[in-house]
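Read off the chains here:
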Amino acid sequence: MSLLTEPANPLPLRDYQQVAIENLRNSLRAGHRRPCLQAPTGAGKTRVAGEIFRLAREKGHRVVFTVPRIDLIDQTLRSFWRDGIGDIGVIQADHIETDWSRPVQVASVQTLQKRGYPAADLVIVDEAHTVFKFITEWVAHPEWQKVPFIGLSATPWTKGLGRIYDDLIVVATTAQMIDQGFLSDFRVFAPTHPDLTGVKVVAGDYHEGQLSDAMNKTQLVGDVVQTWQLRAEGRPTLVFAVDRAHAKALQKRFEEAGIAAGYQDAYTQKEEREQIRRNFENGRYQVVCSVATLTMGVDWDVRCISLVRPTRSRILYTQIVGRGLRTAPGKDHCIILDHSDNTLRLGFVTDIHQERLDTGDKKAAEERSTPLPKECSQCAFLMLARVRECPNCGHVRKAPISNIEPGEGQLVELKRHGRGTLPSSASEIQIMQRKIPLGSFYAQLRYFAGEHGYKPGWVQHRYSEAVGAPPPYGFRMLEPEVSCYEVHSWVKSGLRRYGKLMRRGG
Ligand SMILES: [Zn+2]
């Protein structure tokens, strides 16, 4: 088996990747031995890993990079090579890239389980949100206490992950990646709402069999196809169903409506997968129905997602939506047809954020700073709770504003030029003597940015600086508001202080 030619030069590091590397070094210097890096799809986690390899090599250190499944080995190798990172060996029986002399070794957890702990001065655990007993024991093993283990994940929100890893370093968030153009923007419609009465919750998510029964009803399956015809604009679409029976029922209904649809699941063989991929890319299939989320369509040009898999898991939801956020030539945004109520239940994926790893105590588990989205009664477009005029169809919501504003929220105390700390229910920021709702604060920053020709990233940056957390995704739909004296002065004082930064960013 031949993969690609060995690469020569790595891609240059992006600014935020450089910052992440610096934060990682500081974390290790501060004595952490189990830091976890959070990087959404598209943030270039392989490039960051490549830089860690380089630094380790400088010290003559040997790195082992683990992946959760054996079939991810070649995909991982290709990603490294695409980023110009080479000199990587593979620990796997009869693999062509087997070469113990190379300073970095990629291995699946299954192979290591069979062979035991390999020699390593540094271990990187990819997809760290998937917790294996083998890794947990390795990390805790007395002889490995001085060896750093670095977790990598787009969604490090697994319960108890903070008992394995001791520090969280956010390389980038999905919202930042969208703002900087590294990920595609998206628009969500919630055309139908599933009736999940009687579906039990087991281990934090819906019981799959009961969920399949609830979702695999003739009427609902028909709605999915109809909605696609109405709203998908013929875009290449991935459909995420509950289980195989449900996905097959959806595929059948699409075909009956004259829409060419493929089907793929975890059991689909490699050659057939390649054929499905080709059919999707050359337009032979308009739709591919599936249940799995981890391996398929990672780099397909997906422009619409039909989400028919209700979940309470932020990890699963974020991974599904992430399949549609790759950028591509001519792609303005991804359309998400949400038949699952996941967005109404969990918020926009860009609003899902966790400051710390979950250590199992209740406090860390849920940190929601953002009111959940509201639905336009005319077109089912989902928007931020306090937006009254639908950005999609212009319909103005009648509800009195007091009902949709967050209630008696707490304040973010703004320290002079410092970051605030955001209590989970914060809805206002105090600047001098004035208390300003966070949405209004954002809208005023937008106004200021508009007046001075600053890019959207400037607003994100100033907001995060003041509030101590990124703005909710939906805030970008807010119309600019004329800045009050207090906000104006705060920005101006920052301008003096950050003059250099501004000129670079603006
Ligand atoms: Zn509307």
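Summary of the structure given here. (Residues numbered from 1 in each chain as written. Predicted model: local features only at pLDDT ≥ 70, side-chain atom pairs only at ≥ 80, totals over all residues. Heavy atoms only, no water.)

### Observations regarding the overall build of the protein chain
- Helix and strand content of the protein chain: 18 helices and 20 strands.
- Per-residue burial over the protein chain gives 53% buried out of 506 residues.
- Roughly 23400 Å² of accessible area belongs to the protein chain as shown, and the carbon and sulfur atoms make up 49% of that amount. (Helix = DSSP H or I, 4+ residues; strand = E, 2+ residues; numbered from the N terminus. Buried < 20%, exposed > 50% of the residue type's maximum accessible area, 1.4 Å probe, protein only. Areas by Shrake-Rupley, 256 points an atom, 1.4 Å probe, with all protein chains shown as cover.)

### Focus: the pairing of strand E3 (residues 88-91)
- Side chains of E3 alternate between two faces, with Ile88 and Val90 and Gly89 and Ile91 buried alike.
- As paired elements, E3 and strand E4 (residues 104-108) share 4 bridges and run parallel to each other. By the bridge assignment for E4, Gly89 is matched with Gln105. (Pairing = 2+ DSSP bridges.)

### Regarding the coordination of the zinc ion
- Looking at the metal site, the zinc ion is ligated by Cys376 (SG), Cys379 (SG), Cys390 (SG) and Cys393 (SG), spaced 2.2 to 2.3 Å from it.
- With 4 donor atoms in place around the zinc ion and angles of 103 to 114 degrees between them, the coordination shape is tetrahedral.
- Positions of the donor residues of the zinc ion along the chain correspond to the pattern C-x2-C-x10-C-x2-C. Here Cys379, found in the loop between strand E16 (374-375) and strand E17 (382-383), pairs with Cys390, found in the loop between E17 and helix H14 (401-404); they are 11 residues apart in sequence, far enough to count as distant. Of the two residues, Cys379 and Cys390, neither departs from the other in class, the shared state being buried. (Donors = N, O, S within 2.8 Å, 3.2 Å for Na, K, Ca; no water. Tetrahedral: all angles 85-135°; square planar, octahedral: opposite > 155°, others 65-115°.)

### A short note on the sheet that holds strand E6 (residues 149-153)
- The 7 strands are arranged E3-E4-E2-E5-E6-E1-E7 in an open sheet whose pairing can be described as parallel. Unpaired on one side and paired on the other, E3 and strand E7 (167-170) mark the two borders of the sheet. Neighbour-to-neighbour, the strand axes of the sheet open up by a mean angle of 25 degrees, direction not taken into account.
- With 4 bridges connecting them, strand E1 (residues 35-38) and E7 associate as parallel partners. Across the sheet, the residue bridging to Cys36 is Leu168, located in E7.
- In the packing of helix H5 (residues 133-140) onto the sheet, contacts are made with strand E2 (63-67), strand E5 (122-125) and E6, and the angle to E2 comes to roughly 155 degrees. (Axes fitted to C-alpha atoms, helices over the stretch in contact; angles between N-to-C directions. Contact = heavy atoms within 4.5 Å.)

### Quick notes on a positive patch on the surface
- A surface patch of positive charge is lined by Arg78, Arg82, Lys270 and Arg326.
- Position of Arg82 relative to the elements: it lies in helix H3 (residues 73-82). (Patch = residues over 30% accessible without salt bridge, like charges linked within 9 Å, V, L, I, M, F, W, Y side chains within 5 Å. Salt bridge = Lys/Arg side-chain N within 4 Å of Asp/Glu carboxyl O. Lys, Arg positive; Asp, Glu negative; His and termini not counted. Charge placed at Lys NZ, Arg CZ, Asp CG, Glu CD.)

### Comments concerning empty space enclosed by the protein
- Inspection of the entire model under this criterion finds 6 cavities of 30 Å³ or more.
- Empty space within the largest cavity amounts to approximately 60 Å³.
- Lining the largest cavity we find Thr192, His193, Pro194, Met215, Leu220, Val221, Val224, His246, Val308 and His339.
- With 3 residues, helix H8 (residues 218-231) is the single largest residue contributor to the lining of the largest cavity.
- Class assignment for the residues of the lining of the largest cavity results in 6 nonpolar, 4 polar and no charged.
- The space that makes up the second largest cavity amounts to roughly 50 Å³.
- In terms of lining, the second largest cavity is formed by Val125, Ala128, Thr130, Val131, Phe132, Ile135, Thr136, Leu161, Ile164 and Tyr165. (1 Å grid on protein atoms, 1.4 Å probe; cavity = no way out; pocket = protein on both sides within 12 Å on 5 of 7 lines; lining within 4 Å. Points joined across faces, edges and corners; volume = space filled by probe spheres on them. Nonpolar A, V, L, I, M, F, W, Y, C, P; charged D, E, K, R; others polar.)

### Examining the environment of Pro471
- Here Pro471 shows up in the loop between helix H16 (456-467) and helix H17 (485-497).
- Here the alpha-carbon distance between Pro471 and Tyr442, two residues 29 residues apart in the chain, equals 7.7 Å.
- If near-sequence neighbours (up to four positions away) are discounted, Pro471 is found in contact with Asp351, Tyr442, Gln460, Tyr463 and Ser464.

### Quick word on the nonpolar core
- Ranked by size, the top nonpolar core spans 121 residues in total, and within it Phe53, Phe186, Phe254 and Phe441 carry the most contacts.
- For this core, the element with the most residues is helix H15 (residues 438-452), which contributes 7 residues.
- Grouped together as the second largest cluster of nonpolar side chains are 22 residues, Cys36, Val64, Val147 and Ile164 included. (Core = buried A, V, L, I, M, F, W, Y, C linked by side-chain atoms within 4.5 Å.)

### Points about unusual backbone geometry
- Unlike most non-glycine residues, Ala203 shows phi in positive territory, near 50 degrees.
- As for its placement among the helices and strands, Ala203 is situated in the loop between strand E9 (201-202) and strand E10 (205-206).
- Phi is positive for Ala380, close to 70 degrees, though the residue is something other than glycine.
- With respect to the helices and strands, the residue Ala380 is situated in the loop between E16 and E17.
- With relative accessibility at 9%, the residue Ala380 sits in the buried group.

### Points about the pattern of salt bridges
- Within the structure shown, the criterion is met by 19 salt bridges.
- A salt bridge links Arg102 to Glu97; the nearest nitrogen and oxygen atoms lie 2.9 Å apart.
- Judged by relative accessible area, which is 17%, Arg102 ranks as buried.
- Between Asp99 and Arg102 there is a salt bridge; the shortest N-O distance is 3.3 Å.
- Judged by its relative accessible area of 25%, Asp99 is partly exposed.
- Overlapping salt bridges, with partners in common, bring together Arg47, Glu51, Arg54 and Glu58 in one network.

### Description of the sheet that holds strand E15 (residues 333-338)
- On the basis of which strands lie adjacent, the open sheet formed by 6 strands has the order E8-E15-E14-E11-E13-E12 and parallel pairing. Two strands in the sheet have a free side with no partner beyond their single neighbour: strand E8 (185-189) and strand E12 (261-264). Adjacent strand axes in the sheet meet at a mean angle of 20 degrees, parallel and antiparallel pairs treated alike.
- One ladder, built from 5 bridges, connects E8 with E15; its direction is parallel. Among the inter-strand pairings, Val188 is bridged to a residue of E15, identified as Ile336.
- Docked against the sheet, H8 engages E8, strand E11 (237-240), strand E13 (287-290), strand E14 (304-307) and E15, running at close to 150 degrees with respect to E15.
- Packed onto the sheet, helix H9 (residues 244-256) meets E11, E12 and E13 and runs at close to 165 degrees relative to E12.

### Considerations on the state of the cysteines
- Enumeration according to the criterion identifies 0 disulfides in this entry.
- You can see Cys304 has no disulfide; the closest cysteine sulfur is in Cys334, sitting 6.3 Å from it.
- Its relative accessible area of 0% is what places Cys334 among the buried residues. (Disulfide = S-S within 2.5 Å.)

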